[in-house]
Amino acid sequence: MNFSEVFKQSNQLCKVSPDGKYLATCVQYRLVVRDVSTLQILQLYTCLDQISHMDWSSDSLFILCAMYKRGLVQVWSLEQPDWHCKIDEGSIGLVSSRWSPDGRHILNTTEFHLRVTVWSLCTKAVSYIKYPKACQKGIDFSRDGCYMALAERRDCKDYVSVFVCDDWHLLRHFETETQDLAGLEWSPNGCVLAVWDSCLEYKVLLYSLDGRLLSAYSAYEWSLGVKSVTWSPNSQFLAIGSYDEKVRILNHITWKKITQFEHPSSINNTKAVVYKEVEKRTAVGSDDLSLHITIGTALYNTRSKYEICPSPVQIPVVKPDPDRANPKIGVSSLAFSSDSRYLATKNGGFQVQSLNWHRSGDSLMLLGKEQLCLCYMDTDQEDK
Amino acid sequence: MSKTSYCAYLTGFISPEVKDTCSSSVECRSPPLIQFSQSSVPLHRNYILSTFCTEHNVQECLSHINQEVSSLGLPPVWTESSGSSEMNVMAVLNCMYDLIQLHHRGLRTLENMEVEQLKSSSNVDHLQRTSTQLKEQLELSKRGNTGLLERERQLHLKVKSLQNCLKNEKDEVQKLQNIIASRASQYNHEMKRKEREFTKLKERLNQLLVDKKEKKQAIDVLNNIGRADGKRSLWKTQKTEAKHEGEMYKTLLSDYDTRQREMLLENAELKKVLQQIKKEMVSILSLRKPIRKDDKHPDAGIQADSEDEEQVFDSSKESVGLFSVHAREKLTNSIRLQWRRLKSHVERLDSQASLAQMGENKTDDAISRETHEEEMDRLKLEIQPCKDFIQTQQQLLQQQLSSPCDEETTSLLSNCYMLQERERFREEWKTLEKQRNLFERERRNCTEAAIRLSHERKAFEDDRAVWLKHQFLNLSPFADLRKPQMSKSKSCFLISETESSASSAPEKLIKCRSDTTSPTPRCVPLTSASTADMHRTVCLVPEKRYVVFICTNHDMPVTNAALVVCYELFMLIFYFQINQTKWKD
């Protein structure tokens, strides 16, 4: 694998454009746009303050740079470098900023989640959405970009509002049966909205597009509940990862659990293959046999290889402090492969930031704090 | 009863002594003994007067009584020495008195003993009673003990179960406490977060209230950019709202439509599969039906029903298309039925197979699995090279057929395998032809030679005949009768001469034969003698073909005949020589 030279960036703001042609990085208050193939700098923009957040528009023509401290959002155009746009939230402050799916509206969430301001770049019009909920994932756009679901909280009750992204018309507004809504996610086909409660209660609710409650699922009571939720790409499965270190999968016809996967600390399954990274340090004599966690040395000095461990394999588990909130146990991230055949899960306190599947569905990329791991799977083609 | 037994014991003790001393009068003793044993009262009851002493046995009785008394330790009653037959009355009385005293003493001891016996028996009774009582008490106490043990055990069990319960409860309590703790920490965390936010709000509010200079929010765009899809934005009206609603429902409906279609397809597939399964099951079951027809009458009946049902079903299938609930139920029921039958059948087969296998393990007829497999492997190995061979053959054939080439190469190729052989044959043919020609030539030569020979012979014969004629005409006045011996000797001489000069002569003879007119003078004397014996000479047949006929004139003289004979012999030899030379050539 070839690596390019190291480019500077700040705040982990480094994104490839949706059409895959450009790479944008932020260095302090500068925005650098490069060509992906040649890595030559195409454009260089300067913002007014240190950039907190940067995002591409869906048509790869505009980039927004948000500076939360100043309450400013600046939008840059690739086609016309002279074009500029500045949105000032004023005294109300800025907590988050994002694009709308059509790439012409910017949604700013003000401080204390007082309201969501929708700025239109076409008409300079402003819309306000009151009482958005401050939660793990309060806004979600459907995959086709038609609808937006927003979690709201009024009078100690949770509501979900469905907006039409065309003109921000409020399509539906309904109350949810949650105690404290933690997140919502559209299914890939845009017809079902999954809504889950905070970790104090295990509850996953499924609403159809027009606001009817399709089903409610709760695996157990009292213990800490749902940690992460993800849909399969074909909208047939909903995977729920919880604090009890199990993944439960619901099917889209009956919305009942079809299977559950466990993450035991000792793997005895004969079908499972466990790869252990064995690092050979040039400096230190002893081997550090840890799966993902490493003590940092120079990146290029260590050479590592993966060995297959004989079963049973004991996974090193670090017991988290039970007195602390948001303990580092449970299934924190899930990712389905693109053909919905495989599910990658991360359980426990391992330092894996993200799991990403390749579009072809046969390779998985694990991004750790200091490491990158690519897993290729040798999948046999089966007859459909 | 104990008393009677005791008395019997006593009599048993006494009676042997009595019986010993009164052996002669046992019968008289027994009644008192019996009486004695039967009665439980003392001895001074009335006895039946014993007939111990009679008038006849007084002396014996006396002596006997003396003995008895002396044995008891008393002075004798009667002494022999006194001589008088009269007893000493005093002694008798004393004896009787002593006996009575003894008797009284005996009675007293008997009484004492009886009393003691009574006492002891009552003691025994008492002891027995107490012992039974104690035994009963012991039994009771044992039972009580076991009962107590049982209770103790049960209590132990209960204690254990309660301890388990307690442990479970403790665990659960612990778990709940953990849950509570985690929830509490989560709540605290949330509370703290909210509090922080609250304080921030308060600060901001303060700030805002204090700081009047509010910054307004504004957007500053260089120029408006067009919409992403290029269309003009619409005003928000009811129509648009309705349109949005409509679109939303359309999406939902299309999603449901696709799902329903998928499910229909899946359903159809599954139904097809079920039908297929059912058909196969029916076929399997119908196969076995003729075999088992005798044993399974009820089954046959049911199967007939099912077949009817299936026929009905097939016809209905066409019409209804399996879409009604009724049809579906029928299908599932029939499949369940068939499956149950198949399962029972398979179970039966299994049991049979296991039984058969158990029996077959001992028989030698059955081919064991290993040998069977070995055979299979061997056959496979054998087959493999044959297959490869066939394949190569096919490939070559294919190659041959498919390879494009021109005429001569095709012809060459078509005959290429025989080329070498053909060349060889051609050469052989050539050599054979040569030989044949040679033979032809030789044959021709031979025939020519033969013809020539015959011609020459004929000519020679003619010449000879002419010469002989001449000779005869010349030599006839002398040579007839005189010299037969001379002729013979001459002939002998001639013969020897001819023999010696045979080798040199042929050329000359040939020469003279070629000269048809007259033979040389040297030849003449040789040949003239042989003419006479011409007809007598042996026809020497040198070869099959060369038969020399000697045509004779009977009138020839003897010398001439001898000469002729010599000449003939010579001719024959000459022929031989010619032939030999010819053949040598």
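Position labels on residues start from 1 in each chain and follow its written sequence. To read the labels, note that chains go from A and ligands from 1, taken in the order they are written. Selection of residues for local features in this predicted model requires a pLDDT of at least 70, selection of side-chain atom pairs for listing and counting requires 80 or more, and totals for whole chains, interfaces and linings are taken over all residues. Note that water and hydrogens are dropped before the side-chain values are worked out from all heavy atoms of the structure.

A word on the overall build of chain B
Argument step 1. Counting its secondary structure elements, chain B contains 14 helices and one strand.
Argument step 2. Three exposure classes are used, based on accessible area relative to the maximum for each residue type with a 1.4 Å probe and protein chains only: buried under 20%, partly exposed in between, and exposed over 50%. Each of the 585 residues in chain B was classed as buried or not, and the buried ones make up 20%. Helix numbering and strand numbering both begin at the N terminus, where a helix is a DSSP run of H or I of at least 4 residues and a strand a DSSP run of E of at least 2.

Focus: the overall build of chain A
Argument step 1. Check the secondary structure of chain A and you find zero helices and 33 strands.
Argument step 2. Per-residue burial over chain A gives 48% buried out of 384 residues.
Argument step 3. Intrachain contacts of chain A at a sequence separation of at least 6 include 35% that bridge at least 24 residues.
Argument step 4. Per-residue accessibility takes into account occlusion by the displayed protein chains alone, with areas from the Shrake-Rupley method and a 1.4 Å probe. Summing over all exposed atoms, chain A offers an accessible surface of approximately 19,600 Å²; the carbon and sulfur share of this is 50%. Contacts were defined at the residue level, with two residues in contact if any of their heavy atoms lie within 4.5 Å.

Digging into the pattern of salt bridges
Argument step 1. Any Lys or Arg side-chain nitrogen found within 4 Å of a carboxyl oxygen on Asp or Glu counts as a salt bridge. Evaluated as defined, the whole model comprises 24 salt bridges over all chains.
Argument step 2. When the shortest N-O distance is used, the salt bridge between E185(A) and K137(A) registers 3.3 Å. Here E185(A), found in strand β17 (residues 181–186), pairs with K137(A), found in the loop between β12 (126–130) and β13 (139–141); they are 48 residues apart in sequence, far enough to count as distant.
Argument step 3. Accessibility expressed as a relative area gives 13% for E185(A), which makes it buried.
Argument step 4. In this structure K137(A) comes out as partly exposed when scored by relative accessible area, which is 27%.
Argument step 5. R193(B) is the salt-bridge partner of E190(B), the closest N and O atoms lying 3.1 Å from each other. Taken together, the residues E190(B) and R193(B), both in helix α4 (residues 89–210) and three residues apart, mark about one turn of the helix.
Argument step 6. Since its relative accessible area comes to 33%, R193(B) is described here as partly exposed.

A word on the sheet that holds strand β9 (residues 96–99) of chain A
Residue and element names in this part refer to chain A.
Argument step 1. Spatially, β9-β10-β11-β12 is the arrangement adopted by the four strands of the open sheet, whose pairing is antiparallel. For this open sheet the edge positions go to β9 and β12, each flanked by a neighbour on one side alone. Here the average twist between neighbouring strands, direction ignored, is 20°. Strands pair, by our definition, only if DSSP identifies at least two bridges between them. Where helices are involved, their axes are fitted lines through C-alpha atoms of the stretch in contact, as for all axes, and angles between N-to-C directions lie from 0 to 180°.

Focus on the packing of aromatic side chains
Residues and elements named next belong to chain A.
Argument step 1. A pair of Phe, Tyr and Trp rings is counted when the ring centres sit within 6.5 Å of each other, with Trp represented by its six-membered ring. The angle between the planes then sorts it: under 30 degrees is stacked, over 60 is edge-to-face, the rest tilted. Following the criterion strictly, the structure yields nine aromatic pairs over all chains and no others.
Argument step 2. Between F62 and W99, the aromatic rings sit 6.4 Å apart at their centres with planes inclined by 40°, giving tilted as the arrangement. One end of the pair, F62, is in strand β6 (residues 62–67); the other, W99, is in strand β9, with 37 residues separating them in the sequence.
Argument step 3. Overall, the relative accessible area of 5% leaves F62 in the buried class.
Argument step 4. Feature note: the residues F62, W83 and W99 constitute an aromatic cluster, connected by ring pairs.
Argument step 5. Over a ring means this: the NZ of a Lys or the CZ of an Arg is within 6 Å of the ring centre and within 35 degrees of the ring normal. The cationic tip of R34 hangs over the ring face of F7; the distance from NZ or CZ to the ring centre is 3.8 Å.

A short note on unusual backbone geometry
All names here are of chain A.
Argument step 1. The phi dihedral of H113 falls on the positive side, at around 50°, and the residue is not glycine.
Argument step 2. Checked against the element boundaries, H113 lands in the loop between β10 (105–109) and β11 (115–120).
Argument step 3. Located in the positive-phi region is W222, a residue other than glycine, with phi close to 70°.
Argument step 4. Mapped onto the secondary structure, W222 falls in the loop between β20 (213–217) and β21 (226–231).

Details of a nonpolar patch on the surface
Argument step 1. Only residues whose relative accessible area exceeds 30% and that form no salt bridge enter a patch; like-charged residues are grouped when within 9 Å of one another, and nonpolar side chains (Val, Leu, Ile, Met, Phe, Trp, Tyr) when within 5 Å. A surface patch of nonpolar side chains, about 350 Å² in accessible area, is lined by L214(A), Y249(B), L253(B) and Y256(B).
Argument step 2. A total of three residues in the nonpolar patch trace back to one element, the largest contributor, which is helix α5 (residues 238–291) of chain B.

Observations regarding the interface of chain A and chain B
Argument step 1. At the junction of the two partners, chain A supplies 56 residues and chain B supplies 42 residues.
Argument step 2. Counting the surface lost from both chain A and chain B, the interface buries some 4,600 Å², and carbon and sulfur atoms represent 55% of this.
Argument step 3. The largest per-residue losses of area from chain A upon contact with chain B belong to S91(A), F112(A) and L200(A), which jointly make up 15% of the total buried on that side.
Argument step 4. At the surface where chain A touches chain B, the tally comes to two salt bridges.
Argument step 5. Whenever a nitrogen or oxygen atom comes within 3.5 Å of another N or O atom, the pair is scored as a polar contact, on the condition that within protein one atom can donate a hydrogen and the other can accept it, and that pairs from neighbouring residues in sequence are kept only if both atoms are in side chains. For the interface between chain A and chain B, the tally reads 12 residue pairs in polar contact (both at pLDDT 80 or more).
Argument step 6. Contributing elements (two or more residues each) for the side of chain A that touches chain B: β8 (84–88), β11 and β16 (169–175) of chain A.
Argument step 7. The element best represented in the side of chain A that touches chain B is β8(A), accounting for five residues.
Argument step 8. In this count, Pro and Cys sit with the nonpolar residues alongside Ala, Val, Leu, Ile, Met, Phe, Trp and Tyr, while Asp, Glu, Lys and Arg are called charged and the others, Gly among them, polar. The class makeup of the residues in the side of chain A that touches chain B is 25 nonpolar, 14 polar and 17 charged. Here the buried area means the combined drop in accessible surface, using a 1.4 Å probe, for two parts upon being joined, counting both sides.

Some words on the pairing of strand β24 (residues 257–262) of chain A
All names here are of chain A.
Argument step 1. By the bridge criterion, five bridges tie strand β23 (residues 246–251) to β24 in an arrangement that is antiparallel. Residue L250 lies in a different strand from β24, and its bridge partner there is K257.
Argument step 2. Taken together, β23 and the strand that follows it, β24, pair antiparallel across an intervening segment of five residues, in which W255 is found at a positive phi of about 55°.

Digging into the sheet that holds strand β14 (residues 147–154) of chain A
All names here are of chain A.
Argument step 1. What the four strands build is an open sheet, ordered β13-β14-β15-β16; its pairing is antiparallel. Of all the strands in the sheet, just β13 and β16 have a single pairing partner and so form its edges. Neighbouring strand axes in the sheet, compared pairwise and without regard to direction, differ in orientation by 20° on average.
Argument step 2. Note that strand β15 (residues 157–164) and β16 share six bridges and pair antiparallel. Note on β16: the bridge partner recorded for V162 is R172.

What to know about the environment of N223(B)
Argument step 1. One can find N223(B) in the loop between β1 (218–221) and α5.
Argument step 2. Leave out the neighbours within four places in its chain, and N223(B) touches Q80(A) and W83(A).

A word on the nonpolar core
Residues and elements named next belong to chain A.
Argument step 1. Judged by nonpolar contacts, the single largest core of 35 residues is most densely connected at Y147, V160, L193, V195, L206, L238 and I240.
Argument step 2. Among the elements that take part in this core, strand β18 (residues 192–197) stands out by supplying five residues, more than any other.
Argument step 3. When near neighbours in sequence (up to four residues on either side) are disregarded, V160 contacts A149, L150, R172, H173, F174, T176, L181, L184, L193 and V195. The set of buried Ala, Val, Leu, Ile, Met, Phe, Trp, Tyr and Cys residues whose side-chain atoms join them within 4.5 Å is what this entry labels a nonpolar core.

Remarks on the confidence of the model for chain B
All names here are of chain B.
Argument step 1. Within chain B, residue pLDDT values average 73, and 61% of them lie at 70 or more.
Argument step 2. You can read pLDDT as the predictor saying how much it trusts each residue, on a scale of 0 to 100. Element-level pLDDT for chain B is lowest in helix α13 (residues 523–528), with a mean of 42, against a maximum mean of 92 in α4.
Argument step 3. Counting interchain partners and residues more than four positions distant, the pLDDT-below-50 stretch residues 293–306 has 10 contacts.
Argument step 4. Across residues 479–556, confidence stays below pLDDT 50; counting only partners more than four residues off in sequence or on other chains, it has 149 contacts.
Argument step 5. For this predicted complex, the interface confidence comes out at an ipTM of 0.78, alongside a pTM of 0.56.

Quick word on the pairing of β6(A)
Regular strands place side chains that alternate from one sheet face to the opposite one.
All names here are of chain A.
Argument step 1. Among the six residues in β6, six count as buried, and that is most of the element.
Argument step 2. Judged by which residues are buried, β6 turns out to be covered on both faces: F62, L64 and A66 on one side and I63, C65 and M67 on the other are all buried.
Argument step 3. Here β6 pairs with strand β7 (residues 72–77) via six bridges, running antiparallel. The partner of M67 across the bridge, within β7, is L72.
Argument step 4. The hairpin formed by β6 and β7 contains four residues between the paired strands, and G71 there has a positive phi angle of roughly 75°.

A short note on the side chain of R248(A)
All names here are of chain A.
Argument step 1. Among the structural elements, R248 can be located in strand β23.
Argument step 2. A distance of 3.2 Å separates polar atoms of two side chains, one belonging to R248 and the other to S242.
Argument step 3. Within the local environment of R248, its side chain forms a polar contact with the side chain of D244, the two groups lying 3.0 Å apart.
Argument step 4. Filtering out sequence-adjacent residues up to four positions away, R248 remains in contact with Y202, Y217, A219, Y220, L238, A239, I240, S242, K257, T259 and Q260.

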